[in-house]
Each structure stands twice: as C-alpha cells, then as structure tokens.
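# An overview of the molecular structure
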Amino acid sequence: MKFSVAVIPGDGIGPEVIAPSLEVLDAVGDKYGHIFNYVELEAGGLAIDHSGEPLPQETLEAAKQCDALLLGAVGGPKWDSLPGHMRPERALLGLRAGLGVFANLRPAALLPQLKSACPIKDEVLTASNSEGKAAFDLLIVRELTGGLYFGKRGRLDESSNGHSPGAAFDTETYSWMEIERVLRAGYEAAAVRRKKLCVVDKANVLESSRLWREVAAEVSKDYPNIETSYLYVDNAAMQLIRAPGQFDVIVTSNLFGDILSDEASVLTGSIGMLASASLGEKVQTGNRPGMYEPIHGSAPDIAGKDIANPLATILSAAMMLRYSFVLEKEAVAIETAVNNVLDQGLRTGDIASRSGAASDGAASSGAVSNGEKIVGTRAMADAVLKALEKL
Ligand code: IPM
Ligand code: MG
C-alpha cells in the first residue's frame, strides 16, 4: 500500500530523531511491501525564521492532504521572548485544531529493561499491580482540541495595583459532543487493553467537570464490559505515584492530560521513550487522520550532539502505522525491534541505569556497565534497523 506522510522535523533535536524514524519506516515498507511518501513541511521556530509565523497556512493545508503527520519537536530559547501567539508552540495548537485530532493517546508503561530508571520503589509498584509485578502499563487519553487551551481568553481593562489591564482570564468550555467523542476513543482503547477506564476531572469544583461525569455516565452504558471509575485530578496526581499499577486507561481534559502525562512519563524512567498519537474521527476505510510525535520537547541543550534518544519518535511512527494506516503487524515489528535493542543492553544516556555508568544521563558513548552500553542517537537507530532486518 501507498501512504503519504507529512513530516515536520521542527527544532532542536527534532531533525535528529525524525531522520532515523523515516529510515525505520522505509525499512518496514521494504519488508512488508508498502511505500511511504514523505512531504517535508516547516512549523515552529524554523517556520518563524523563514516565513515569520509558527504555522504557515501552506503547512497546515499540505498536512491536511496527507494520510498522517509525523512531527519531531518545536521550540527553543531563540523564540522564547516572542509574544504568545507567535511562539513556536502555537504551531502545535494550530495543527491539532486544524487537523481535528481531538484524542491524544499517551501510553506510559514501565518496560522491564528500564526498571532501574524508574524512580518508584519496587514495593510501591508491586502493591498496586494486579499480578504482583513491579510494573505498570497505562494510557492517558487527553482531550486535545478543547478546554482551557482553546477557550475564550483575554485581558480585562480594569486596573489593579496601579496596573492596567490588571487582570486576565482563560476559560474552560466543553460541549457534550467534545466530551463524548474523546470518551469513546478512551473506551475503544480500553476494550483492547485491561478494560478499565478512569475519568479524571475536578467535579467537586468545576461545572465543566460535572458535565464530563454526566456524559461519562451515559457513554459508559455502551461499554458494559469496561469498568468505569472517577478520580479528582489532585487525587489522580497522587495515585499515579502512590499506586500506578491501578490504572489502565485514563481519560481527561486538555490541561489535566498535559500535566498528568508529564508526571506519568517520569515514572517510566525517561520521557525519551514516550510516543504519542493524536487522532481524529475514523474515516470509512478504518483509517484515521492522525498526528504522531514524541512527548519530549526540542531539548535544545542536547541538539546536534548525537545523544538524543530516537526511540520515542520511532515508536510514534509505529503508532502511526497502527492507528492511521491499520498496519498492526508492521507496528508490532517496530516495537519488537525496539524491545530487542533494549534487550541487547543498548541505552542512550537518558535511559541508562541510575546506578550505572550513566548516572547523570551525560555518560560518554561506549561506556559499559551492568551489561548496558551507552550509545548515541545514530548508533541506537542503526541497532533498531538491524533488529528489524533480523525479524
Ligand atoms: C505537550 C506540550 C504542549 C502542550 C505545549 C508545548 C504547547 O506540553 O504536548 O504536552 O501543552 O500541549
Ligand atoms: Mg505537555
């Protein structure tokens, strides 16, 4: 099959992690008989430098024409002093809204190979794991095109302490439809996992959260095999650390999902491993428009040094195959290759053992400890390509 993939390498380490991911996609294409045509586009800081705006209209239009979008990362100190609507991050919001990708899937699982990078004690992990293992495997489904990120906002002309405008506001609005469609995305995900879904909100205070619960009460009736539970977000933030094994799928609003997914990423040992998929409504063929990106940012401090972990982007490409192109075995091939490379002991600095040679994540390439070998971006990518070939 043939697919067109919009590619936005972006800023910082973006290009370094995107390049090997495209090589991995091509290798999968060769192996299973698919062709991926890449359409490289600009957004974020690079686009600001070249065309004066973070998300040029041509980029959005071209991305809409493609079957899916793979994005590295945007942003960096160079653009930090620009006003809000001109910052590189605006490109992300514009792409999310423009592509209509309302359901953001952020998996966070503790891989056995990376257990030593997890900051939570074994006995804490085992206590909440139904099989008594020191592990967890959860999926945050974050609403991505509504809520506080897209609500009415502004400055008020009143003066306060001698400043005018001396007040500002942002608002959280959710329609029934927006809540229902992201909940359904969560239930569909839970159906092929451990069949548990937790709605995270602040229904003890916020009216919009109370609507989330009403919608969930209705929608849950369509999924009788899935256990639905509710948590307030402050409690959920605590439970994630106290007992991460209790969670399967968490569905939550845009802002709460933003915060909780960063928290969950730390539990896995490194944000450098975490992929994400942002999905729109399914189209008739079963394919689905989607935007795929690693959760980590542009990490300007390590850009160009060949030390960034490419695995989150490679795993995002796997999610693209699964969700947008319905190529399950091809997605699994990438995931297996990544798993095999970790089994071989290869580690970028960010996922090396805390007790090992790479205690500060800045260990030099080639250092070996505990059977782990610290490698750079390129060597890690080459190892994945080799592992794919061997499958
Ligand atoms: C994320 C990021 C973005 C967000 C920023 C960069 C706008 O933190 O994808 O989680 O808040 O959504
Ligand atoms: Mg975030």
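Shown above is the structure to which this text applies.
Residues numbered from 1 in each chain as written. Chains lettered and ligands numbered in written order. Predicted model: local features only at pLDDT ≥ 70, side-chain atom pairs only at ≥ 80, totals over all residues. Heavy atoms only, no water.

## Focus on the overall build of the protein chain
Our working rule: By the criteria applied, helices consist of DSSP H or I runs no shorter than four residues and strands consist of E runs no shorter than two, each listed in order from the N terminus. Relative accessibility thresholds used throughout: buried, under 20% of the residue-type maximum; exposed, over 50%; partly exposed, between the two (1.4 Å probe, protein chains only). In what follows, residue pairs with any heavy atoms lying within 4.5 Å of each other are defined as contacts. Here, Shrake-Rupley sampling with a 1.4 Å probe gives the accessible areas, and only protein chains in the shown set may cover a residue. Residues scored as positive are Lys and Arg, those scored as negative are Asp and Glu, and His as well as the terminal groups of each chain are ignored. Every charge is mapped to an atom, namely NZ of Lys, CZ of Arg, CG of Asp or CD of Glu.
The helix and strand tally for the protein chain stands at 12 helices and 15 strands. In terms of its C-alpha atoms, the protein chain occupies a principal-axis envelope of roughly 60 × 55 × 50 Å. By the burial criterion, 52% of the 391 residues in the protein chain qualify as buried. Within the protein chain, contacts between residues separated by at least 24 positions form 75% of all contacts whose residues are at least 6 apart in sequence. If you sum the accessible surface of the protein chain, you get close to 16,700 Å²; carbon and sulfur atoms cover 53% of it. Charge centroids of the protein chain, computed over 37 positive and 50 negative side chains, lie 4 Å from each other.

## Thoughts on the site of ligand 1
Formally: In this text, near means that some heavy atom of the residue lies within 4 Å of the molecule or strand in question. Counting of polar contacts relies on pairs of N or O atoms within 3.5 Å, with two restrictions inside protein: one atom must be capable of donating a hydrogen and the other of accepting it, and residues adjacent in sequence are counted only when both atoms are side-chain atoms. Amino acid classes used here: Ala, Val, Leu, Ile, Met, Phe, Trp, Tyr, Cys and Pro are nonpolar; Asp, Glu, Lys and Arg are charged; the rest, including Gly, are polar.
Taken together, the residues surrounding ligand 1 are Glu89, Leu92, Arg96, Arg106, Arg142, Tyr149 and Asp258. A distance of 2.7 Å separates an oxygen atom of ligand 1 from a polar side-chain atom of Arg96. Contact between ligand 1 and Tyr149: an oxygen atom at 2.5 Å from a side-chain N or O atom of the residue. Surface burial for ligand 1 is 72%, taken as the share of its 320 Å² of free accessible area covered by protein chains. Residues belonging to the shell around ligand 1 are distributed by class as follows: two nonpolar, no polar and five charged.

## Section: the packing of aromatic side chains
Each aromatic ring pair is specified by the distance between its two centres and by the angle formed by the two planes. Just so we agree on the cut-off: Stacked, tilted and edge-to-face pairs are distinguished by plane angle, under 30 degrees for stacked and over 60 for edge-to-face with tilted covering the rest, among Phe, Tyr and Trp rings (Trp via its six-membered ring) whose centres lie within 6.5 Å. The criterion for a charge sitting over a ring is simple: Lys NZ or Arg CZ within 6 Å of the ring centre, and within 35 degrees of the ring normal.
Counted under the stated rule, the structure contains five aromatic pairs. Note on Phe3 and Phe325: the rings are 4.0 Å apart at their centroids and 15 degrees apart in plane angle, and the pair reads as stacked. On the criterion of sequence distance, the pair formed by Phe3 in strand 1 (residues 2-10) and Phe325 in the loop between helix 10 (311-323) and helix 11 (328-343) is long-range, its members being 322 residues apart. The class of Phe325 is buried, set by a relative accessible area of 1%. Judged by centre distance (5.3 Å) and plane angle (90 degrees), the rings of Tyr174 and Trp212 are edge-to-face. Here Tyr174, found in the loop between strand 7 (167-170) and helix 6 (176-191), pairs with Trp212, found in helix 7 (residues 207-219); they are 38 residues apart in sequence, far enough to count as distant. Accessibility assignment for this pair places Tyr174 and Trp212 in one class, buried. Connected via pairs of aromatic rings, a cluster forms that spans Phe3, Phe36 and Phe325. Here the guanidinium or amino end of Arg142 rests over the ring plane of Tyr149, the centre of that ring lying 5.1 Å away.

## As for the environment of Asp137
Residue position: Asp137 is located in strand 5 (residues 137-143). If sequence neighbours within four positions are ignored, Asp137 has contacts with Ala108, Ala109, Arg193, Arg194, Phe247 and Asp248.

## What about the side chain of Glu16?
The cut-off we apply is this: When a carboxyl oxygen of Asp or Glu is within 4 Å of a side-chain nitrogen of Lys or Arg, the pair counts as a salt bridge.
Counting through the fold element by element, Glu16 comes out in helix 1 (residues 14-32). Among buried Asp, Glu, Lys and Arg side chains, Glu16 stands out as unpaired, with Lys305 the closest opposite charge at 9.7 Å. Within the local environment of Glu16, its side chain forms a polar contact with the backbone nitrogen of Asp306, the two atoms lying 3.4 Å apart.

## Some details on the sheet that holds strand 8 (residues 196-201)
For the record, the criterion: Strands are labelled as partners when DSSP assigns at least two bridges between them. All axes here are fitted lines through C-alpha atoms, helices being fitted over the stretch that makes contact, and every angle between N-to-C directions spans 0 to 180 degrees.
Taken together, the 10 strands give an open sheet; going across it, the order is 2-1-3-12-11-4-5-10-8-9, and neighbouring strands pair in mixed fashion. Looking along the sheet, the strands with just one partner apiece sit at the ends: strand 2 (35-40) and strand 9 (227-232). Adjacent strand axes in the sheet meet at a mean angle of 25 degrees when their direction is disregarded. Sheet topology note: the strand 11 (residues 275-279)/strand 12 (residues 290-294) ladder contains five bridges and is antiparallel. Across the sheet, residue Ser278 finds its bridge partner in strand 12, namely Met291. Of the strands in this sheet, strand 1, strand 2 and strand 3 (68-73) touch helix 1, which is tilted by about 145 degrees from strand 3.

## Side note on the packing of helix 1 against helix 12 (residues 377-390)
To keep things clear, this is the line we draw: Should an angle fall under 35 degrees it is called roughly parallel, over 145 degrees roughly antiparallel, and 65 to 115 degrees roughly perpendicular, with every other angle called oblique.
The N-to-C vectors of helix 1 and helix 12 enclose an angle of 10 degrees; their axes lie 10 Å apart at closest approach. As the angle between them shows, helix 1 and helix 12 are arranged roughly parallel. Listed contacts from helix 12 to Glu16, Pro20, Glu23, Val24, Ala27, Val28 and Lys31 of helix 1 are Thr377, Arg378, Ala381, Val384, Leu385, Leu388 and Glu389. Taken together, the residues of the contact of helix 1 with helix 12 sort by class into eight nonpolar, one polar and five charged.

## Re the side chain of Asn104
Mapped onto the elements, Asn104 comes out in strand 4 (residues 103-109). Within the structure, Asn104 has its side chain in polar contact with the backbone oxygen of Ala277 (distance 3.3 Å). In this structure the side chain of Asn104 is engaged in a polar contact, spanning 3.1 Å, whose partner is the side chain of Ser278. Filtering out sequence-adjacent residues up to four positions away, Asn104 remains in contact with Ile140, Val141, Arg142, Leu144, Ser276, Ala277 and Ser278.

## Points about helix 9 (residues 254-267)
Using the following cut-off: In a helix, the anticipated span is given by 1.5 Å times the number of residues less one.
The first and last C-alpha atoms of helix 9 sit 20 Å apart over 14 residues, in line with the 20 Å expected at 1.5 Å per residue. Along helix 9, the residues that are buried comprise Asn254, Phe256, Gly257, Leu260, Ser261, Glu263, Ala264, Ser265 and Leu267. Among the structural elements, strand 4, strand 5, strand 8, helix 8 (233-242) and strand 10 (249-252) are those in contact with the buried residues of helix 9.

None of this, on its own, says anything about what the molecule does.
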